[in-house]
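The residues making up each chain are set out below.
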Amino acid sequence: GQPIPPATGISSVIRKKLMGYVGFANLPNQVHRKSVRKGFQFTAMVVGESGLGKSTLINTLFNTTLYPPKESLDPSAERPKTVAIESIGADIEENGVRLHLTVVDTPGFGDFVNNDDSWKPIVENIESRFDSYLEQENRVNRLKIVDNRVHACLYFIQPTGHSLKQLDIEFMRRLHTKVNLIPVIAKADTMTDEEIASFKQRILSDIEHHQIHIFEAPTYENEDEETIAEAEEIRSQIPFAIVGSNNFVVTPDGRKVRGRAYPWGVVEVDNEEHCDFVKLRQMLVRTYMEELREHTNDVLYENWRTEKLVSMGVAQDSSVFKEINPAARLQEERVMHEAKLAKMEAEMKMVFQQKVQEKEAKLKQSEEELYARHKEMKEALEKQRLDLEDKKRKIETGRPITPEKNATGRRKGFLRT
Ligand code: GDP
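Reading the values: rules and limits
- Residues numbered from 1 in each chain as written.
- Predicted model: local features only at pLDDT ≥ 70, side-chain atom pairs only at ≥ 80, totals over all residues.
- UniProt positions renumbered as here; feature names shortened; annotations may be inferred.
- Helix = DSSP H or I, 4+ residues; strand = E, 2+ residues; numbered from the N terminus.
- Buried ≥ 20, exposed ≤ 12 C-beta atoms within 10 Å, placed from the backbone.
- Contact = placed C-beta atoms within 7 Å.
- Near = placed C-beta within 6 Å.
- Nonpolar A, V, L, I, M, F, W, Y, C, P; charged D, E, K, R; others polar.
- Pairing = 2+ DSSP bridges.
- Axes fitted to C-alpha atoms, helices over the stretch in contact; angles between N-to-C directions.
- pLDDT = per-residue confidence, 0-100.
- Core = buried A, V, L, I, M, F, W, Y, C linked by C-beta atoms within 7 Å.
- Parallel < 35°, antiparallel > 145°, perpendicular 65-115°, else oblique.
- Left-handed = near helix turned anticlockwise from the far one by under 90°.

As annotated in an unreviewed UniProt entry, the chain carries the name Cell division control GTP binding protein and is attributed to Lentinula edodes. In its Sequence similarities (unreviewed entry) section, the UniProt entry covering the chain states "Belongs to the TRAFAC class TrmE-Era-EngA-EngB-Septin-like GTPase superfamily. Septin GTPase family."

Our next topic: the overall build of the chain. Secondary structure summary: the chain contains ten helices and ten strands in total. For the chain, the proportion of its 417 residues judged to be buried stands at 29%. Residue pairs in contact within the chain that sit at least 24 positions apart in sequence constitute 72% of those at least 6 positions apart.

Here we take up the site of the ligand. Close to the ligand lie 14 residues, the nearest being Gly53, Lys54, Ser55, Thr56 and Lys187. Looking at the shell around the ligand, the element that brings in the most residues is helix H2 (residues 54–61), giving three residues. Looking at side-chain class alone, the shell around the ligand contains two nonpolar, seven polar and five charged residues.

Strand order in the open sheet formed by three strands is S8-S9-S10, with antiparallel pairing between adjacent strands. Bordering the open sheet on either side are strand S8 (248–250) and strand S10 (265–268), each of which pairs with just one other strand. On average, adjacent strands in this sheet sit at an angle of 65 degrees to one another, irrespective of strand direction. For strand S9 (residues 256–262) and S10, the ladder comprises four bridges, and the chain directions are antiparallel. What sits directly across from Gly259, in S10, is Glu268.

Quick look at the confidence of the model for the chain now. In the predicted model, the chain carries a mean pLDDT of 80, and the fraction of residues at 70 or more is 79%. Scored below 50 in pLDDT, residues 27–32 makes eight contacts in the model with residues more than four places away or belonging to other chains. Counting contacts from residues 316–322, a segment whose pLDDT is below 50, to residues more than four positions away or on other chains yields nine contacts. Across the interface, the model reports ipTM at 0.98; the global pTM reads 0.68.

Most often, soluble globular proteins have nonpolar side chains that are buried together. Ranked by internal contacts, the top residues of the largest apolar core, which has 70 residues, are Cys153, Tyr155, Val184, Ile185 and Ile242. Apart from the residues lying within four places of it in its own chain, the contact partners of Ile185 are Ile157, Pro159, Ile196, Phe199, Pro239, Phe240, Ala241 and Ile242.

With that settled, consider unusual backbone geometry. Cis peptide bonds are those with omega within 30 degrees of zero, and the linkage from Ile238 to Pro239 qualifies with -5 degrees. Following the sequence through the fold, Pro239 ends up in the loop between helix H6 (225–237) and strand S7 (240–241). Positive phi, normally seen in glycine, also occurs at Lys187, with a value near 45 degrees. Tracing the sequence through the fold places Lys187 in the loop between strand S6 (181–185) and helix H5 (193–209). The phi dihedral of Gln211 is positive, around 50 degrees, even though this residue is not glycine. Within the secondary structure layout, Gln211 lies in the loop between H5 and H6. What makes Gln211 exposed here is the crowd of 8 C-beta atoms within 10 Å.

Okay, the environment of Val83 next. Turning to its location among the elements, Val83 is positioned in the loop between H2 and strand S3 (86–94). As for Val83 and Gly110, which are separated by 27 residues in sequence, their C-alpha atoms are 8.3 Å apart. Ignoring anything within four residues of it in the chain, the contact list for Val83 reads Thr106, Gly108, Phe109, Ser118, Pro121 and Ile122.

The next thing to look at is H2. Of all eight residues making up H2, eight are buried, and the element is well covered by its neighbours. Considered for burial, the residues of H2 that qualify are Lys54, Ser55, Thr56, Leu57, Ile58, Asn59, Thr60 and Leu61. Those residues of H2 hidden inside the fold are in contact with strand S2 (40–47), strand S4 (97–105), strand S5 (152–157), S9 and helix H7 (277–287). Phi turns positive one or two residues past the end of H2, at Asn63, with a value near 55 degrees.

Relative to the helices and strands, Leu164 is located in the loop between S5 and helix H4 (166–175). Those residues in contact with Leu164 that sit more than four places away from it in its chain are Ile157, Ile169, Ile203 and Asp206.

This part is about the packing of helix H3 (residues 119–137) against H4. Packing of H3 against H4 brings their axes to within 10 Å, and their N-to-C directions diverge by 20 degrees. Between H3 and H4, the crossing angle belongs to the class labelled roughly parallel. H3 and H4 meet at a crossing whose hand is right-handed. Residues Trp119, Ile122 and Val123 of H3 form the contact with H4, whose participating residues are Glu170, Phe171, Arg174 and Leu175. Class assignment of the residues belonging to the contact of H3 with H4 gives a composition of five nonpolar, no polar and two charged.

Laid out in structure tokens, this is it:
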């Protein structure tokens, strides 16, 4: 097929094959089993100041060394002057389910003296991914759409224990209509349980105050009690307090666990008593991956697309009324739908016409060939006829005697010599 345009701003994409167990194939609650079997694309973005444990968490989540340890990087390498966007891809297969995972990192975010515009390249990147999707949707051949859109954005909050910083609020305010925001408290092992509880409260009230919408575990009607309870449980832990580690340590009672060892004990990553890592993984990978994808497609992308088409001048007249007038909104959607159909139809017509022209040219060519052959044969026949006439005349002039006729009127001895 046709090449898929990469979303702009991606500086590197590495594809790896991973073997570690992740858990996304355990999907009793995920809705579209069909798309799950076919394999699907999921893109997660991580944002936060450097050193907050983003790479460590991604490695912990996907049980792999997707990111090399920072210590192995060249310390003398020059630091970027702006926020960079880097993606790493991995193909993970589990119980026959294929996941094309892409992690988008944003090194440099919040690391400068002036971070006022740190959110900008990130918004641009997310929108360019929407653009690429829209472009593919508008093609005649829509079978091979690659979904590069960011389905979840983990935002790392520094474990200060105070409240959100201006940088945090600005970022979330700019991004919450474009991406599923999942705020997490980084390095939660540096705070006590009480500190975490009150920090969470403060973060939530800041988020509410600024009318920021973060992703929530959805609940549906007619859901069984267990599912509702699980959604409630997950929701009550937001923003997740996270501890990441790729190292195994031995607990005082002799178990080998992923965790961080301290003089006063061991913090276990996979222990719900110790941190919310398990809840985060449940939300991101095990239970709500499909919902994150759906919300991205049905709400975030759809709103962006409508806004974009309106700003491009499609259905300009009705745009003013769309908030207050549902009929105008419907009308606008209809107009846009028709514009899209018309575009597809025009493209199909073009292809059709091209095909017809090719056929016509071919027919014309074979007609010409036929005609040429016909002419050739006619000429050959004519020549033969002339030859025969010639022969006839010669014979007739060579035998000038009128042959006698016998009783039956047939010429006698005409051909005898
Ligand atoms: P990034 O710059 O955000 O990608 O951060 P890294 O993942 O490279 O981590 C920076 C440092 O913090 C490393 O030394 C990690 O071992 C450490 N670190 C990562 N996660 C945690 C955590 O949850 N708790 C603590 N205490 N340290 C962590």
